[in-house]
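Summary of the model geometry
Each chain is listed here by its residues.
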Amino acid sequence: MKNLLLLSLLFFSFQAKADTIPFCHIYYNNVKIIETNFFDPNELVLKIDSIQVSDSITIRYFRDMPCFDCPTKLTIENEKHGILFTTTGNGTSSPLTFSVQELVRIQKQGYNQSFEVFFSDELTTSRTMKQLIVRIQLE
């Protein structure tokens, strides 16, 4: 009987952990293109010649303990974690949007590596707690 109880507790604890996995939706011009739970690396390759001036990327980040009015931030960085630009908002699952044209502008200045997009909020107290959302490559 003790073994059955122990096995049941282990089973339910694994189920509870599955409910706490953060996930993210990534939209290109308001069309969902990626839905991820961060187990696989998220790569987005964009063709420069097909990018329009009005193109945008919107990210919605979800987790089990959302904050509804806390400051949130997307940080777009180079591969050496130099911050290129940021966009801010309020609330964990609120959409955060940035212009794809900004990435093109930076690349035209001689930057040829991929762009890394990180999510953070007021609960993120250190650099290592930021969540890598996606790597974007312009070709």
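Residues numbered from 1 in each chain as written. Predicted model: local features only at pLDDT ≥ 70, side-chain atom pairs only at ≥ 80, totals over all residues. Heavy atoms only, no water.

A word on the sheet that holds strand β4 (residues 56–62)
Read from one edge of the open sheet, four strands run β2-β1-β4-β7, paired in antiparallel fashion. Both edges of this open sheet fall to β2 (31–36) and β7 (96–99), since each of them pairs with a single strand only. Taken pair by pair, the neighbouring strands of this sheet meet at an average axis angle of 20°, ignoring direction. Note that strand β1 (residues 23–28) and β2 share five bridges and pair antiparallel. Bridge pairing in β2 links Tyr 27 to Lys 32. Contacts between helix α2 (residues 100–108) and the sheet are confined to β1, β4 and β7, with β7 contributing the most and set at about 45° to the helix. (Pairing = 2+ DSSP bridges. Helix = DSSP H or I, 4+ residues; strand = E, 2+ residues; numbered from the N terminus. Axes fitted to C-alpha atoms, helices over the stretch in contact; angles between N-to-C directions. Contact = heavy atoms within 4.5 Å.)

Looking at the nonpolar core
One finds Leu 46, Ile 57, Ile 59, Phe 98, Val 117, Ile 133 and Ile 136 to be the most contacted residues of the largest nonpolar core, which totals 28 residues. Broken down by secondary-structure element, the contributors of at least two residues to this core are β1, β3 (43–46), β4, β5 (71–77), β7, α2, β8 (115–121) and β9 (131–138). Excluding anything up to four places from it in sequence, Val 117 contacts Ile 59, Leu 74, Thr 75, Ile 76, Phe 98, Gln 131, Leu 132, Ile 133, Val 134 and Ile 136. (Core = buried A, V, L, I, M, F, W, Y, C linked by side-chain atoms within 4.5 Å. Buried < 20%, exposed > 50% of the residue type's maximum accessible area, 1.4 Å probe, protein only.)

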